[in-house]
Amino acid sequence: MSDLGDLLALALVGTARGALPSSALPSPAQPSPGPQALAQASAGLTRPDPEGTLLARAALLTLAHRAGRLPDQAADLPPPAPAETRPEAPPSAAQYLPLVMGTPQLPEWLGLCARAGWRVPAAQLPALLDLARHDTGLRERLRPVLGERGTWLAGFSPEWRFVPATLDDGAWTDATEAGREALFRSLRGRDPHSGRDLLAARLPSERASSRKRLLGALLETLTPDDADLEPLLDSLLDDRSEDVRTLARRALQRLPSSAYNARMAGRLAALVQVGRPGVLGRLTGQTPFTLTLPSGPDPDGRRDGLDPGLGASGLLGQLLGATHPQALLTALNLPPAHAVALARQHEAGEELAASTIATGHRALAAALLPLFPNDPGLLLLGPPEGLRVAVGQALRAADAERLWPLLEALPAPWPADLTPPLWEALRRSLRGVPYLSAWPYRWREIYSLTMERADPHTVLTASSPDDLTPFAQQLLSELRGTFDLRVAMQREFKETHP
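Residues numbered from 1 in each chain as written. Predicted model: local features only at pLDDT ≥ 70, side-chain atom pairs only at ≥ 80, totals over all residues. Heavy atoms only, no water.

Details of the packing of helix 26 (residues 419–429) against helix 28 (residues 470–496)
Then comes step 1: Contact geometry of helix 26 with helix 28 gives a least axis separation of 11 Å together with a crossing angle of 155 degrees. As the angle between them shows, helix 26 and helix 28 are arranged roughly antiparallel. For the pair helix 26 and helix 28, the contacting residues are Thr419, Trp423, Leu426 and Arg427 in the first and Leu476, Leu479, Arg480 and Phe483 in the second. (Axes fitted to C-alpha atoms, helices over the stretch in contact; angles between N-to-C directions. Helix = DSSP H or I, 4+ residues; strand = E, 2+ residues; numbered from the N terminus. Parallel < 35°, antiparallel > 145°, perpendicular 65-115°, else oblique. Contact = heavy atoms within 4.5 Å.)

Here's what the structure looks like:
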């Protein structure tokens, strides 16, 4: 046993039941220093009592043991980061990145950096990757400006697996579900055809939660050009997961020529009978519709997501909401306005509007706008000026509940002439407001959107201290400061990279 082991054994039984180890005693014949130097030093430590002597010698031997421990063998060094293909953002532009880190203005800085063809400074990579862990929207902005070093660095932390590595044989196998979604999104963005091939090859063997993630990512970019995916999507109608089946139906609905839409259109044609308008109908342009439930069973109804217990109007609503509008119009041989009349007659306008927005059918959106004049999704699909006119009406009415969803849908950057009336509307809403919780929630959301998306180059009128509380003046001052920061940031990018 070593000297330290002997001391520990004595400590367990107590110094009254044993003597200090003899091996710790000095050896007169042994010169110092030498192999016995530690034993000599230990033996030279004495205290007035045996317990103190034992503790002092144990401390010395423990310290010597730790100090003399051989270091662990170093692990193999990882391969170095690949050479960068983009230049780093110059200091004049990069100086604004710490100022907007973690603020709503960070996506704007990243967008400016991407458009300039630069990458973020290496020192800021860990902080940006950490911020993107919980912000999926930020991830999309960050990927183009990470550079080779950022992608390389993300591979060292499981928390940063949302950054796609190069797609090779092992990348998909080693990736988490979030990482596989990121790999698919990245490939889909670069090469939609290869993205479809990847999905067709990998999706069937994925877990249900991963299938759900990948289908959700597909839905964001699905177009009629993805008709090659129909066999895969149709097979998912028999999936064990209800969520996966629902997502597959939504995807098939967006493929106008899919067999799914053909089945839904056939059900509509069997359900709806279009009558001949009478004199009054011809004068008003109204067409009578009658509904007749099919008498026979529908073998594919459950597979296509239909509830077998619905009445005629309920079935119509479900079909209108789950069928591509073009398949619907073709099946019933109706113009968009008459399809809207059918939905209105049977109180299924909301289902038809939801289907129209999901599939981006502009003709039907224009026909639905008189029924839903303030629906942001329909306004985005309708005539270009429609959304701006609706925003102006909501601003003049100072109706925050109506204004917020319209502004949220308005593509950024907002037109410059929108900033002055927004500024005035915010000022009016802040009159007499002493603190934040006394300010209506919708106005707070509009304030946040304005900071992020409004054109900042407009010269704002000064706030009058007479009609505003100190709290309101502070908020408006912060809005001005944010606009000034955004102007300076945009100017720096423009001057450095015109």
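There's more to say after this.
Some words on the environment of Ala171
Then comes step 1: Mapped onto the fold, Ala171 is located in helix 10 (residues 169–174).
Then comes step 2: Linking Ala171 and Leu183, residues 12 residues apart in sequence, is a C-alpha distance of 8.5 Å.

Overview of unusual backbone geometry
Then comes step 1: With an omega of -5 degrees, the peptide bond between Ala412 and Pro413 qualifies as cis.
Then comes step 2: Tracing the sequence through the fold places Pro413 in the loop between helix 25 (400–409) and helix 26.
Then comes step 3: Even without glycine at this site, Asn333 takes up a positive phi of about 55 degrees.
Then comes step 4: You will see that Glu347, though not glycine, has its phi angle at about 55 degrees, which is positive.
Then comes step 5: For Glu347, the position within the fold is in the loop between helix 20 (336–345) and helix 21 (349–359).

Some words on the domain arrangement of the protein chain
Then comes step 1: What the domain assignment reports for the protein chain is domain 1 (1–24 + 37–63), domain 2 (91–252), domain 3 (261–274 + 288–295 + 305–380) and domain 4 (383–495).
Then comes step 2: With centres defined by C-alpha atoms, the gap from domain 1 to domain 2 works out at 62 Å. (Domains from an automatic or database assignment.)

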